[in-house]
Amino acid sequence: MPLPRPLALAALLTVSIASAEQLTLERVFDAPALSGPTLRAVQLAPDGSMVTFLRGRDDDADRLDLWRFDPATGSMQRLIDADAILPEPAELSAEEQARRERARISGLSGIVEYRFAEDGRSILFPLGGDIFVADLDAEPIDAVAAPDADEPAPAASAEPSTTEALPSAGPQRRTIRVRQITAGEPFDLDPRLSPDGDRVAFIRDQDLWLADIATGELRALTTDGEGPISNGLAEFIAQEEMGRDRGFWWSPDGRHIAFLQVDASTIEPSRRYEVSGETITMIEQRYPYAGTPNTRMKLGVVAVDGGEIRWLDLGENEDIYIPRVDWHPDGSTLAVQRQSRDQKSMDLLLMPIDGAAPRRILTETAETWINLHDDLRFLDGGESFLWSSERSGQRHLYLVDTATGDARALTAGNWPVTEVVAVNGDLGLVYFSAGLESPTEQHLFRQSLATRTPEAVQRISRRSGWHQVTFDAGGRIYLDLYSNVDQPPQLSLHSADGERLAWLIENRIDDDHPYAPYADDHRPTEFGVIAAEDGQPMHYRVVRPSGFDETRQYPVIQYVYGGPTSRLVQNRWGRRHLVEQYWARKGYVVFSIDNRGIAGQGVAFQAPAYRNLGVVEVVDQKLGTEWLKAQPWADPDRIGVFGWSYGGYMTLMMQMQHPGSYAAGAAVAPVTDWALYDTHYTERYLGMPRNDDGSPTEAYRRGNVLTYADDLADPLLLIHGMADDNVLFTHSTMLMQQLQDAAIDFDLMTYPGEKHGITGEGQRLHVYRQIDRFFDRHLRPGE
């Protein structure tokens, strides 16, 4: 039976709203955002003296400025106005466009990333291909006044400037100094401050460069980056599939930089076409298709004051992955994670930078695949380290002796740790996120590093829902970005024991909130559990229509993702949630279920997807469909399915493997043939695509949409961006051709110039309009 959640919005409203306005798709995607203030990249200064974040504007939620909050005074102000630095948006380089697409921020502009110096005295940020450093300790410059509202903001100089002064906006204005470190062509990438904050390393034209902030001197640390060779830039696979967005690392003492040199000459060039409204651009790229060679990598160390590059020994086997690189606290040793091509084993190596032989501390192995993490933390000057592993069947934390590799469990139980968020070495505590009670929620917990009872952990966060936590450098205070299905995101400051110290953004739904006109008809979300064939619990969520009547039968939209890396059934707020609210108010039931194979419930829950993509997920989603059909309020003849990316793949597989079960399906940017996807993701789950005789393996044949395409019998809407560089447009053109060859009707909408996320302001609304109209035609809400 479903577990109903009480509607909490009524308690949040401070005024009584006579009647709710009609929610429209146009309003869901319009500004100001219905969720309230747009907050991104929330950080605490290393010393906890201020909170910074990127915030969209009221008239353009995707144009970001850098803001600060002072916990001591409670004042909030815009620290850096992007338009004051760069009044006209710069054209992004091809590599920067690709980096943003892989980081899922391609639709944003303004300041999209920033980093504190370790001492908290300055902030580095890139803008328009140039690099800037804001000096937070600079004395105010009285001669520089805040611009009048109707005067143009000052622009940055075309040449590097060391004293560019900019006023920040807000109730308490202050003047800060912004130094422009680089200027003009070429487009500089991935800048990172040295530990002392005096220098910046960055990537220019595929080489690693160094800038001295005080003198403005620029110097190349590598010089052979060209063609297929790049130095210090994370390769495609690292950015897209491994969660590594960087390719170089400062040593703790700032004397050396470790970097990866990537040689893509091993990958055969291939061509893809990006179709825009007026042009067709042929792009030659070295895309690592499943089963084909990967890039080759070398790990080098260079002294920032000069000297030859020292190349370290990664082993005889070159066909490997390097998911993570970290420095040992001594500054003379690297900690390198080396993963096998089949992703069933991973070594943690200590590699002295003087060229001495590396030492393997531990090896992780799996019968299926190893999920990567960012939980390595050295303690006690490097004598021990924090590590997470799924060796017990659930991801848990371990304290490992660096000398011997002996590990002691810090957490245990039939639930997984999500990630380590902080360590307080003085108090001997580790803080981590987990969904201990349910994978539908995320909470903050802590544990003693000296514990002998790993099953006993302490929960810190208090409210039911989703807590995304960021600590200061010492693990003393933290920021909590919180939401649930009834509460839009709130940002608050807390002491380490969970006590709230201050609201940064309370985001109450009062009469001034953007969502207030629609709050009276906010539909509650119900959570529940359905047993899989093997008895494992699968969590679902249901949003029922306005004016719900148990005696009526309603059409259902089964919203699906299903892929191994992402869950839909979460007690959190989001724009997707607002689309569900729109559909529910039109008369639809909206239903999602997280099938086996998805992360967040342990190894046994994920393992059934191994060599089985497109099979086990369909079985589980069909169980969810059958559960729906058994409910008296669901019309079994009016169930539609919708998904994007992996969800689009699932939509196709569900319709084709079970013709007649779904009245309609809308698939956006779907994978159709896994042999066209990349090595690291695809081989992790399906292995190599070819048998020794060159024929497709059974796993790839079963997981191929085209294997079942001729069985499509129900209405399909196929949608794809024509410049998609992730799930290539070819996936959809192959399906189009096969359906046309078989004279099978389907609806089609393509988007010139759009990539995987279809992020254009008008285009994203247009996508959902097409899906909405398609379901209205075939599912007929209101009957």
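It should be emphasised that the depicted structure is a prediction, and the values quoted were computed from it without experimental measurement.

1. Concerning a nonpolar patch on the surface
Part 1: A surface patch of nonpolar side chains, about 330 Å² in accessible area, is lined by Tyr273, Ile280 and Met282.
Part 2: Examined against the element boundaries, isoleucine 280 turns out to sit in strand β19 (residues 280-285).

2. Points about the environment of threonine 223
Part 1: With respect to the helices and strands, threonine 223 occurs in the loop between β14 (218-220) and β15 (229-231).
Part 2: The class of threonine 223 is exposed, set by a relative accessible area of 70%.
Part 3: A sequence separation of 14 residues divides threonine 223 from tryptophan 209, and the C-alpha atoms of the two residues are 9.2 Å apart.

3. Here we look at the nonpolar core
Part 1: If you look at the biggest cluster of nonpolar residues, it comprises 108 residues, and the most contacted ones within it are Trp583, Phe642, Trp674, Leu735, Ile771 and Phe775.
Part 2: With residues up to four places along the chain from it excluded, the contact list for leucine 735 reads Leu652, Met656, Thr672, Val705, Leu706, Ala709 and Leu718.
Part 3: One finds Ile85, Phe125, Ala134 and Val178 within the second-largest nonpolar core, a separate group that totals 23 residues.

4. Looking at unusual backbone geometry
Part 1: A cis amide bond, omega -5 degrees, links alanine 31 with the succeeding residue proline 32.
Part 2: With respect to the secondary-structure elements, proline 32 resides in the loop between α2 (25-28) and β1 (39-44).
Part 3: Residues glutamate 185 and proline 186 are joined by a peptide bond in cis, for which omega reads -10 degrees.
Part 4: Residue placement: proline 186 occurs in the loop between β10 (175-180) and β11 (189-193).
Part 5: The residue aspartate 205 is not glycine, and still its phi comes out positive at about 50 degrees.
Part 6: Following the sequence through the fold, aspartate 205 ends up in the loop between β12 (199-204) and β13 (207-212).
Part 7: Within the chain, alanine 669 stands out as a residue other than glycine whose phi angle is a positive 50 degrees.
Part 8: One can find alanine 669 in the loop between β43 (664-668) and α10 (679-686).

5. Overview of helix α8 (residues 616-629)
Part 1: The end-to-end C-alpha separation of α8 is 20 Å, in line with the 20 Å expected for 14 residues at 1.5 Å each.
Part 2: Looking at α8, one finds that the buried residues are Val616, Glu617, Val618, Asp620, Gln621, Lys622, Gly624, Thr625, Trp627 and Leu628.
Part 3: In this structure, the buried side of α8 is in contact with β38 (525-531), β39 (537-543), β40 (554-559), β41 (589-593), β42 (634-644) and α9 (646-657).

6. Let's talk about helix α6 (residues 575-586)
It helps to recall that an α-helix has 3.6 residues per turn; residues three or four apart then point in one direction.
Part 1: Taking 1.5 Å per residue as the helical rise, α6 with its twelve residues ought to reach 16 Å, and the 17 Å between its terminal C-alpha atoms agrees with that figure.
Part 2: Judged by how many residues are buried, α6 sits mostly within the fold: nine of twelve residues are covered.
Part 3: What α6 keeps buried is the set His577, Leu578, Val579, Glu580, Gln581, Tyr582, Trp583, Ala584 and Arg585.
Part 4: Just beyond α6, the residue with positive phi is glycine 587, at close to 120 degrees.

7. Comments concerning the side chain of aspartate 135
Part 1: With respect to the element layout, aspartate 135 can be found in strand β8 (residues 130-135).
Part 2: A residue is classified by how much of its surface remains accessible, and aspartate 135, at 19% relative accessible area, is buried.
Part 3: With sequence-adjacent residues up to four places away left out, aspartate 135 is seen in contact with Arg121, Ser122, Ile176, Arg177 and Arg179.

8. Considerations on the packing of α6 against helix α13 (residues 761-779)
Part 1: Where α6 contacts α13, the two axes come as close as 13 Å, and the packing angle between them is 30 degrees. When the axes of α6 and α13 are compared, the pair comes out roughly parallel. Along this stretch, α6 crosses α13, giving a crossing that reads as right-handed. Here Val579, Tyr582, Trp583 and Lys586 of α6 come into contact with α13, specifically with Tyr768, Ile771, Asp772 and Asp776.

Conventions we followed
Residues numbered from 1 in each chain as written. Predicted model: local features only at pLDDT ≥ 70, side-chain atom pairs only at ≥ 80, totals over all residues. Heavy atoms only, no water. Patch = residues over 30% accessible without salt bridge, like charges linked within 9 Å, V, L, I, M, F, W, Y side chains within 5 Å. Areas by Shrake-Rupley, 256 points an atom, 1.4 Å probe, with all protein chains shown as cover. Salt bridge = Lys/Arg side-chain N within 4 Å of Asp/Glu carboxyl O. Helix = DSSP H or I, 4+ residues; strand = E, 2+ residues; numbered from the N terminus. Buried < 20%, exposed > 50% of the residue type's maximum accessible area, 1.4 Å probe, protein only. Core = buried A, V, L, I, M, F, W, Y, C linked by side-chain atoms within 4.5 Å. Contact = heavy atoms within 4.5 Å. Expected span 1.5 Å × (residues − 1). Axes fitted to C-alpha atoms, helices over the stretch in contact; angles between N-to-C directions. Parallel < 35°, antiparallel > 145°, perpendicular 65-115°, else oblique. Left-handed = near helix turned anticlockwise from the far one by under 90°.

Just geometry here; none of it tells us what the structure is for.
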